[in-house]
Amino acid sequence: MSADVVIAGGGPNGLMLACELSLAGVRPVVLERLPERTRENRANGLVGQVVRVLERRGLYERLSGSKEPPHPAPGFVFGALPLDLRVLEDNPLYLLQVPQLRIEEVLEERAVELGIEIRRGHEITGLSQQDDTVTIEVAGPAGPYRMEAAFLVGADGGGSLTRKLAGIGFPGVRRDATVSRTVHATVPDSMVDPATGGLNVPGYGHIPPFMHHRTERGLFVYAPLPGKPPLMTTMEWPQDLPGDERPPTLDEMRASVRRVLDADLPLGEPDGEGPFLRRTLVGGNTRIADRYRERRILLVGDAAHVHSAIGGPGLNLGLQDAVNLGWKLAAEIRGWAPPGLLDSYEAERRAASERVVMHTQAQSALIAPGGEVTALRELWTELLGDRRNVQHIADMMSGADIRYHTGAVDGHPLVGQWAPDLLLDTETWRVRLAELTRDARPLLLDLTEEGSLAGELLGWRDRVDVVTARLHDPVTARSHDPAPPVTALLLRPDCYIAWASASPRPGSDDREGLRSALSRWFGAPLAA
Ligand SMILES: Cc1cc2nc3c(=O)[nH]c(=O)nc-3n(C[C@H](O)[C@H](O)[C@H](O)COP(=O)(O)OP(=O)(O)OC[C@H]3O[C@@H](n4cnc5c(N)ncnc54)[C@H](O)[C@@H]3O)c2cc1C
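Rules of the game
- For every chain, the first residue of the written sequence is number 1, and numbering continues from 1 onward in sequence order.
- Only residues with pLDDT of at least 70 are given local features in this predicted model, and only at 80 or more are side-chain atom pairs given and counted; all residues enter the totals for whole chains, interfaces and linings.
- The basis for the side-chain values is all heavy atoms of the structure; hydrogens and waters are excluded.
- Per the convention used, a helix needs a DSSP run of H or I reaching at least four residues, while a strand needs a run of E reaching at least two, with both numbered from the N terminus.
- Using C-alpha atoms as the atom set, the radius of gyration is obtained and then compared with a globule rule of 2.2 Å times the number of residues to the power 0.38.
- Partly exposed describes any residue whose relative accessible area lies between the buried limit of under 20% and the exposed limit of over 50%, with all areas from a 1.4 Å probe on protein chains only and scaled to the type maximum.
- Whether two residues touch is decided by their heavy atoms; if any such pair falls within 4.5 Å, the residues are in contact.
- Residue burial considers only the protein chains on display, and all accessible areas are found by Shrake-Rupley using a 1.4 Å probe.
- Throughout, the protein atoms alone are placed on a 1 Å grid, and a set of points is a cavity if a 1.4 Å probe fits but cannot get out or a pocket if it is open with protein on both sides within 12 Å along at least five of seven lines; lining residues have an atom within 4 Å of a point.
- Grid points are joined across faces, edges and corners, and a volume is the space filled by probe spheres set on the points.
- Proximity criterion: a residue is near a molecule or strand once any of its heavy atoms comes within 4 Å of it.
- Think of a polar contact as two N or O atoms within 3.5 Å of one another; within protein, one of them needs to be a possible hydrogen donor and the other a possible acceptor, and neighboring residues in sequence only count if both atoms come from side chains.
- All residues other than Ala, Val, Leu, Ile, Met, Phe, Trp, Tyr, Cys, Pro, Asp, Glu, Lys and Arg, Gly among them, are scored as polar; the first ten of these are nonpolar and the last four charged.
- Classification of ring pairs rests on two measures: the distance between centres of Phe, Tyr or Trp rings, Trp counted by its six-membered ring, which must be within 6.5 Å, and the angle between planes, read as stacked under 30 degrees, edge-to-face over 60 and tilted in between.
- Strand pairing follows a simple DSSP-based rule, namely that at least 2 bridges must link the two strands.
- Geometry is summarised by axes, namely lines fitted to C-alpha atoms with helices restricted to the contacting stretch, and by angles between N-to-C directions that run from 0 to 180 degrees.
- The term nonpolar core refers to a set of buried residues drawn from Ala, Val, Leu, Ile, Met, Phe, Trp, Tyr and Cys, joined through side-chain atoms within 4.5 Å.
- The labels follow the angle: roughly parallel below 35 degrees, roughly antiparallel above 145, roughly perpendicular from 65 to 115, and oblique for the rest.

## As for the overall build of the protein
No. 1: Assigned secondary structure in the protein consists of eleven helices and 27 strands.
No. 2: Computed over C-alpha atoms, the radius of gyration of the protein comes to 24 Å, within 12% of the 24 Å expected from 2.2 N^0.38 for 528 residues, which places it in the range of a compact globule.
No. 3: Taken across its 528 residues, the protein has 54% of its residues classed as buried.
No. 4: In the protein, of all internal contacts separated by at least 6 residues, the share reaching a separation of at least 24 is 69%.
No. 5: Accessible surface, the protein as shown: approximately 22400 Å² in total, 51% of it carbon and sulfur.

## Here we look at the layout of surface pockets
No. 1: When its volume is computed, the second largest pocket comes out at roughly 640 Å³.
No. 2: In terms of residue count, the dominant contributor to the lining of the second largest pocket is helix α4 (residues 100-113) (three residues).

## A look at the site of the ligand
No. 1: As a structural note, the neighbourhood of the ligand is formed by 27 residues, with Asn 13, Glu 32, Arg 42, Gln 100 and Leu 315 the closest of them.
No. 2: With respect to the ligand, the backbone of Pro 12 contributes an N or O atom lying 3.4 Å from an oxygen atom.
No. 3: Here the ligand, which alone exposes 1000 Å², has 86% of that area covered by the protein.
No. 4: Listing elements by their share of the shell around the ligand, those giving two or more residues are α1 (12-23), β2 (28-32), β8 (123-129), β17 (278-288) and α7 (314-334).
No. 5: Residues that form the shell around the ligand fall into these classes: nine nonpolar, eleven polar and seven charged.

## Brief notes about the packing of aromatic side chains
No. 1: Under the criterion given, the structure shown has seven aromatic pairs.
No. 2: Arranged with centres 5.3 Å apart and planes meeting at 15°, the rings of Phe 78 and Trp 380 form a pair that is stacked. Within this pair, whereas Phe 78 is found in strand β4 (residues 75-78), its partner Trp 380 is found in helix α9 (residues 371-383), the two being separated by 302 residues in sequence.
No. 3: When its relative accessible area of 22% is taken as the criterion, Trp 380 is described as partly exposed.
No. 4: Aromatic side chains Tyr 404 and Tyr 496 sit 4.5 Å apart centroid to centroid with 50° between the ring planes, which places their arrangement in the tilted category. Of the two residues, Tyr 404 is situated in the loop between α10 (387-398) and β21 (422-425) and Tyr 496 in the loop between β26 (488-491) and β27 (497-501); the sequence distance between them amounts to 92 residues.
No. 5: Assessed through its relative accessible area of 7%, Tyr 404 is described here as buried.

## Focus on the sheet that holds strand β24 (residues 465-468)
The strands making up a sheet are joined through hydrogen bonds of the backbone, oriented either antiparallel or parallel.
No. 1: If you walk across this open sheet you meet the four strands as β24-β23-β26-β27, and the pairing is mixed. The open sheet has two edge strands with one neighbour each: β24 and β27. The average undirected angle you get between the axes of adjacent strands in this sheet is 10°.
No. 2: The pairing of strand β23 (residues 443-446) with β24 spans four bridges and is classified as parallel. Opposite Leu 444, over in β24, you have Val 466 as the bridge partner.
No. 3: Along the sheet, helix α11 (residues 508-522) makes contact with β23, β26 and β27, crossing β27 at roughly 175°.

## Overview of the nonpolar core
No. 1: Grouped together as the largest cluster of nonpolar side chains are 78 residues, with contacts concentrated most on Val 6, Leu 46, Ile 136, Met 147, Leu 152, Leu 325 and Leu 329.
No. 2: When residues of this core are assigned to their parent elements, the largest contribution, eight residues, is made by α7.
No. 3: Aside from chain neighbours lying at most four places away, what touches Val 6 is Val 29, Leu 31, Ile 124, Ile 136, Met 147, Ala 149, Phe 151, Leu 152 and Val 153.

## Here we look at the environment of Arg 403
No. 1: Relative to the assigned elements, Arg 403 resides in the loop between α10 and β21.
No. 2: When its relative accessible area of 49% is taken as the criterion, Arg 403 is described as partly exposed.
No. 3: Residues Arg 403 and Pro 506, spaced 103 residues apart in sequence, show a C-alpha to C-alpha distance of 25 Å.
No. 4: Discounting residues that sit within four places of it in the chain, Arg 403 has contacts with Gly 416 and Gln 417.
No. 5: Among the polar contacts listed, one links the side chain of Arg 403 to the backbone oxygen of Ala 400, at a separation of 3.4 Å.

## Looking at empty space enclosed by the protein
No. 1: A full pass over the atoms with the stated rule returns three cavities of 30 Å³ or more.
No. 2: Approximately 120 Å³ is the volume found for the largest cavity.
No. 3: As for the largest cavity, its lining consists of 14 residues, and the residues nearest its centre are Asn 316, Leu 317, Ala 352, Val 356 and Gly 399.
No. 4: Looking at the lining of the largest cavity, the elements with two or more residues in it are α7, α8 (344-367) and α10.

## Considering the packing of α8 against α9
No. 1: It is the contact of α8 with α9, at a shortest axis distance of 8 Å, that shows an interaxial angle of 120°. As the angle between them shows, α8 and α9 are arranged oblique. Only Val 373, Leu 376, Arg 377 and Trp 380 of α9 make contact with α8, whose side of the interface consists of Ala 365, Leu 366 and Ile 367.

## Concerning the sheet that holds strand β25 (residues 470-476)
No. 1: Across the sheet, three strands lie side by side as β22-β21-β25; this open sheet has antiparallel pairing. The two strands at the open ends of the sheet, each matched to only one other strand, are β22 (430-432) and β25. With direction set aside, neighbouring strand axes in the sheet form an average angle of 30°.
No. 2: Looking at chain direction, β21 and β25 are connected through three bridges and run antiparallel. Of the residues in β25, the one forming a bridge with Leu 424 is Leu 471.

Structure, rendered in structure tokens:
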């Protein structure tokens, strides 16, 4: 049996990668060891740029159930410190509160629509690499078998066997100091604050909903998610760590809440339809793979990096890995990838994971117990009174501060950045840029007076689409998504800008810059 790409793992990142490859014209096979989708939820939401990435593939609508484009959040938290995002002119922090189980369901549905083969109950057990193939040993429901693939991508999570078998190291640190407990449980109606949806706990005070709430003894989170009893989490730094990760009893959770708040919160058994979560996590790892590629084997998502879940950055990072890798790997397989394109995946995405590792570690330090940390938090609270610092944190958490190195020399400020959601008038209709990127093709947006740039695409028309339009007024679909003057944009399939111009009538230099960017990202032109 053979395939162009085998993806080990049908979690969110493996499924997203499969969809991206398929949109780019390559049919992957996904091997997932679980016979059916897990019922254990991890993420409760998506935080940051990924929300907009999903919109650009038409998936936000399915996940949110809304036809409206996403709006940035009015507030969030950093290290259990509130961030007032309403003060920002350019608020990049988008949130989508949706359980990971639903995200996986939607991605699987999309993969099936695209005709992708997902083999459930098929576990990768071994591999070897030859010059032009990877041989993969698989344990399937009908027994062991072998597959050959041009590439294998490990999307098999933090404990990735693919990574281990490929001999890729996973350096970093393990911290064992924390115990986190999470349960679905009921709370007395009398304690729910109708104004905020949070809790008023006698003897303690108000606890806002969905916020990490730190005391000098630990952390408490109260999340009244729709459709289920509230989800509550504590985090403590005990002297004696539990020896295992046995799910907490309700009594253990009550005791933990009492230690953190120094007050009683009478938790009741959850009612309604399960499954209900009971989870204990002891300590955690912060690690990044020492390389994302070993010849014909690549890693995405948790297989490439693990870190604290604080602030919910995991899927923002992993799903964008998948969107970055998909078109590059497809280009390699289809034979038009310019030299170095596939390796730019690691160059671009490692920097993103290093940033997440940095800010999750910083946040973990800020939620720790003790008087010194309380003092540090007071200082941070002062710093967060300055709008520029809030902007900095919001840009970092959302990943909106990513600038990929594109090698372009024309210096347009948008180059290397995520494309803003421009509002466009074509000859026939008004459209948002976000609606033009659903099929993940490279795109030249020609907004020049004469609309004459399409001629430069001659050798690339098999790979690159062109849309000729006028900028609508206002220029972007959202006031918080400003754009500097622009008359032409070349978008990579991941919606990052490979080239841009501000000349109303592009001259020979502009045209040369465009052709050079086309070659750099989309390979050599076809002969005329
Ligand atoms: C408690 C908790 C809360 C979190 N909260 C958030 C949050 O709010 N927001 C957020 O963005 N992120 C959150 N995360 C992180 C997020 O859940 C992960 O980043 C995400 O699941 C990673 O997806 P993945 O596809 O890379 O790996 P996984 O989800 O781990 O999927 C890997 C898949 O590979 C399969 N597999 C493993 N080995 C093999 C093999 N040998 N052969 C075949 N298949 C295999 C597994 O069965 C699994 O289905 C949280 C994580 C935790 C633990």
